[in-house]
Each structure stands twice: as C-alpha cells, then as structure tokens.
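This is what each chain is made of:
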Amino acid sequence: DKAIADGEGIQAFRKRFAEIIERHGWEGWTGSESKAGRAWRTRVIYRTNLSPSYAAGRLAQLKDYPLWVYKHSGAEHPRLQHQAWDGLTLPADHKFWQTHYPPNGWGCGCRVVGASSEKGAARLGAKPGYTEPPPGWDARDGKGRLPGVDEGWDYQPGGTVADRLRPFVPRMADDGELPLACHARGCIIEPAGDKPPMPAPRMAGAERLLPGGMSDDWYAQRFLEEFGAKPDDVHLFVDVTGHGLVIAADMFKNRAGEWKLKNGRERYLLLLADTLRSPDEIWQVVEKRERGRLRVRRRYVARWLLPGEEVPALTVFEWGRDMWQPITAFQPDEVSYLERRGRVGNRERVRPDA
C-alpha cells in the first residue's frame, strides 16, 4: 500500500521488505535462501500489486474513449496468446475486456490504449480488420481457465468490487461421495468427546419449498434474492458470527460454466438459504490433506418441520474456499447419518434460543 500511495521504487520497497520480515521473524519463505531468490520474490510481490493498481487507474481514463486497442508488452520471451492479441481493437463495452483487460497473468506487461476513432486507433497500432477476438477466446477449460489468462487474473482491475470477489466464489461440489466423511484424499481432524444434543427443529412454511420444473437460472436467482444479490453480480454475505462468504450465480455452475442444479436439491434452496442465514449450529472442521496441508470447512446445520412431513428435514450447507455442497435429507436413516457426519469438528455457534 505504501509503495502504491507513495510511488515507491522497487529498491526502496526491497529495503522495507527486508526490515519487515526481520522484525516479524518470517523465515523459510520461497526464495529466502539466496540473494537471487529474495530479489525474485520481492519483484513478484511488487509487480503483482502495482500492475493491477496501475491498470485500474488506466481504466478510469480509458472510459472516455469508445475504442480500446490491446498492446503487447514486447517482452523478450512473450506469451504467444498475448502477442497474438496485439493490435486487437474492440469497443470499450465488449465482453472481451471484462476478462482479458491486462494484466492477464503473473508478470504480464501488456496494456490497453484508447482511441476516439478508427483513424486514431490505427495511429496507436490497431491492426486493420482485427476487430473480433480469435475463436474460442472465452472457452474455459475443465478447470475454468481462459486461453492465455493465468488463473485468478480473469477480471478487470478497477471495474467493480464484484470482479475482485469473483475468484473467491466456490463451485458446487461434484455429485457422489459426501465430503462430510473422511476420504482418501483428506482426513478430518476432530477433537475427542461427546457431541452436544442438536437444537429442536423449527417450523418452516410450505412456501419455503420451490416448485419443480423450473430452469436452473430461475432457481439460482431465487436463492440469490434471499441475500439481496443480483443474478449477474457477486455478493459478500456476512454470517451471524461475522464470517464473510462470497455468493454468486457461479456457485451453481461447474468449472466449464455449465449449470448443475438438476440433482433433486433445487426445490430446497430456500431452506438452505435459511440455514445459512439462521443456522441451528455452525461447525468448523479441519481436514488434513496431502503433504500435510490443512483445509478449513464450515458447516451450517439446521432442522425444519414442514407441513405433511413426519420427519424433520435436515439441511447442511457446507462451505470451503474451493467448493460448497448443499445437503438435504428427510429419511430417518439419512438424517441420522448426516447428523453424525455433518456435526463434525468444533461447534462454533449454537442457536441462541435452543
């Protein structure tokens, strides 16, 4: 922040960086073992923070121009996709700029210049006839990445706060084995001791069950409306403990951008929203992953009495940085299983009136 605010050069930044890590005893970070490694690490931090900040400032200036021209950095070892975009000229409101406004990756030095006319764009290096991005420019791979754009860089710096939050939107977990159980790739770290009893179920009206047969985007929109979020926006929801969760329609899509709601859970999305807003309990669980890495998940648990149902509905909203999973159950054996598995880890909060 100081480097950005004061226009500080990298040498001054490196000096302060060395002082800060010595004061706080930060050791063992990548590159710390050599002079070249320290120079590399500080350069990455410096450029990664200053480049988007500079790009956001340029964006504010570019909004006065109807045409934008992509300019390659001219790097000695270029990214071929970035080099191929050099001279691409598009209207300022073209969707390409929402995800491909540079920088488009680590160390990317590309930029955009604005023009008031086609003649002006030509003087700035626009290539004749290059007025459409190449085919497949917006086709994401299985991991959700765009061609030529590093993971996490597919947003427009300075565009909206939503663009900055979008990388934190988790995807719905794949159908199959519930992530509530210990599995091959990760094992839950759970304290010993008996679990406290669950709070009594609460009444929920029949209107909290959505009709069947609607489109996926309709169901996603109804869920988002519960939090005051718009279909095309990203919303930061703060739960009853002050923990922030990022909510958007992308939650209901896979990494290829395809809807994946038609699994029988779509009718219960309002109950899941109620569970997230007003849970009976919140459990926090730590999973030990491969190579000793730890991953934290939060589980929002609630039970509901619905008209015409003898067995309370159990809803579990499981949340992690990389995924989320909605779980509902009505059958006694399922409820018993999910009570045991959903209530895992440390109980962070219980409903005050329970």
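Scroll up for the structure.
My aim in this report is to walk through the structure given alongside it, one point at a time.

Each value, and the rule that gives it
Residues numbered from 1 in each chain as written. Predicted model: local features only at pLDDT ≥ 70, side-chain atom pairs only at ≥ 80, totals over all residues. Heavy atoms only, no water. Helix = DSSP H or I, 4+ residues; strand = E, 2+ residues; numbered from the N terminus. Buried < 20%, exposed > 50% of the residue type's maximum accessible area, 1.4 Å probe, protein only. Contact = heavy atoms within 4.5 Å. Areas by Shrake-Rupley, 256 points an atom, 1.4 Å probe, with all protein chains shown as cover. Pairing = 2+ DSSP bridges. Core = buried A, V, L, I, M, F, W, Y, C linked by side-chain atoms within 4.5 Å. Axes fitted to C-alpha atoms, helices over the stretch in contact; angles between N-to-C directions. Expected span 1.5 Å × (residues − 1). Arc of directions from axis to C-beta. Polar contact = N/O pair within 3.5 Å; in protein donor to acceptor, adjacent residues only side chain to side chain. Parallel < 35°, antiparallel > 145°, perpendicular 65-115°, else oblique. Left-handed = near helix turned anticlockwise from the far one by under 90°. Nonpolar A, V, L, I, M, F, W, Y, C, P; charged D, E, K, R; others polar. Salt bridge = Lys/Arg side-chain N within 4 Å of Asp/Glu carboxyl O.

**Considering the overall build of the protein**
- Scanning the protein for helices and strands turns up ten helices and 13 strands.
- Counting every position in the protein, which comprises 354 residues, the buried fraction comes to 42%.
- A fraction of 69% describes how many contacts in the protein between residues 6 or more apart in sequence connect residues 24 or more apart.
- Here the protein has roughly 19000 Å² of accessible surface; of this, 50% comes from carbon and sulfur atoms.

**A few points about the pairing of strand β1 (residues 67-71)**
- By the criterion of burial, β1 is predominantly enclosed, with five of the five residues buried.
- The side-chain alternation of β1 yields two buried faces, one formed by Leu 67, Val 69 and Lys 71 and the other by Trp 68 and Tyr 70.
- Bridge count for β1 against strand β2 (residues 89-91) is three bridges, and the pairing is antiparallel. Within β2, the position partnered with Trp 68 by the bridge is Leu 90.
- Note that β1 and strand β3 (residues 111-115) share five bridges and pair antiparallel. Directly across from Tyr 70, in β3, lies its bridge partner Val 112.

**Notes on the nonpolar core**
- In terms of nonpolar packing, the biggest core is built from 30 residues, with Phe 223, Ile 247, Met 251, Phe 252, Leu 269, Leu 276 and Phe 317 touching the most fellow members.
- Of all elements in the fold, only α8 (216-225), β7 (234-238), β8 (244-248), α9 (269-277) and β11 (313-319) reach the threshold of two or more residues within this core.
- Apart from residues no more than four positions distant in its own chain, Phe 317 is found in contact with Phe 223, Met 251, Leu 272, Leu 276, Arg 298, Arg 299, Tyr 300, Trp 324 and Gln 325.
- Judged by nonpolar contacts, the second largest core, of 19 residues, contains Ala 55, Leu 90, Phe 96 and Tyr 101.

**Some remarks on α9**
- Burial analysis of α9 places eight of its nine residues in the buried class, which makes it a mostly covered element.
- Of the residues making up α9, those classed as buried are Leu 269, Leu 270, Leu 271, Leu 272, Ala 273, Asp 274, Thr 275 and Leu 276.
- Packing partners of the buried residues in α9 comprise α8, β7, β8, β10 (294-305), β11 and β12 (323-329).

**Concerning the sheet that holds β2**
- Across the sheet, which stays open at both edges, the three strands sit in the order β2-β1-β3 with antiparallel pairing between neighbours. Both outer strands of the open sheet, β2 and β3, are each paired with one neighbouring strand and no more. Across this sheet, the average inter-strand angle for adjacent strands is 35°, counted without regard to direction.

**Brief notes about helix α2 (residues 10-24)**
- Taking 1.5 Å per residue, 15 residues should reach 21 Å; α2 reaches 21 Å between its end C-alpha atoms and fits that length.
- Those residues of α2 not exposed but buried are Phe 13, Phe 17 and Ile 21. All buried residues of α2 project into a common sector of 60° when viewed along the axis, lining one side. Turned more than 90 degrees away from the buried face of α2, the exposed residues are Gln 11, Lys 15, Glu 22 and Arg 23.
- Count one or two residues on from α2 and you reach Gly 25, which has phi positive near 70°.

**Some points on the side chain of Asp 239**
- Mapped onto the elements, Asp 239 comes out in the loop between β7 and β8.
- For Asp 239, a relative accessible area of 5% corresponds to the buried category.
- In this structure the side chain of Asp 239 is engaged in a polar contact, spanning 2.6 Å, whose partner is the side chain of Tyr 300.
- Not counting residues within four places of it along the chain, the set of residues in contact with Asp 239 comprises Ile 282, Arg 298 and Tyr 300.

**Brief notes about the packing of α8 against α9**
- Where α8 meets α9, the closest approach of the two axes is 9 Å, and the angle between their N-to-C directions is 25°. By the angle between their axes, α8 is roughly parallel relative to α9. The chirality of how α8 crosses α9 is right-handed. Contacts from Tyr 219, Arg 222 and Phe 223 of α8 reach α9 at Leu 269, Leu 270, Leu 272 and Ala 273.
- Looking at the contact of α8 with α9, its residues break down into six nonpolar, no polar and one charged.

**Remarks on the pattern of salt bridges**
- In total, this model carries 19 salt bridges according to the counting rule given.
- In this structure, Arg 208 engages Glu 226 in a salt bridge whose closest nitrogen and oxygen atoms are separated by 2.9 Å. Here the residue Arg 208 occupies a position in the loop between β6 (202-203) and α8, and Glu 226 occupies one in the loop between α8 and β7, the gap between them amounting to 18 residues.
- Asp 274 serves as the salt-bridge partner of Arg 208, at 2.8 Å between the closest nitrogen and oxygen. On the criterion of sequence distance, the pair formed by Arg 208 in the loop between β6 and α8 and Asp 274 in helix α9 is long-range, its members being 66 residues apart.

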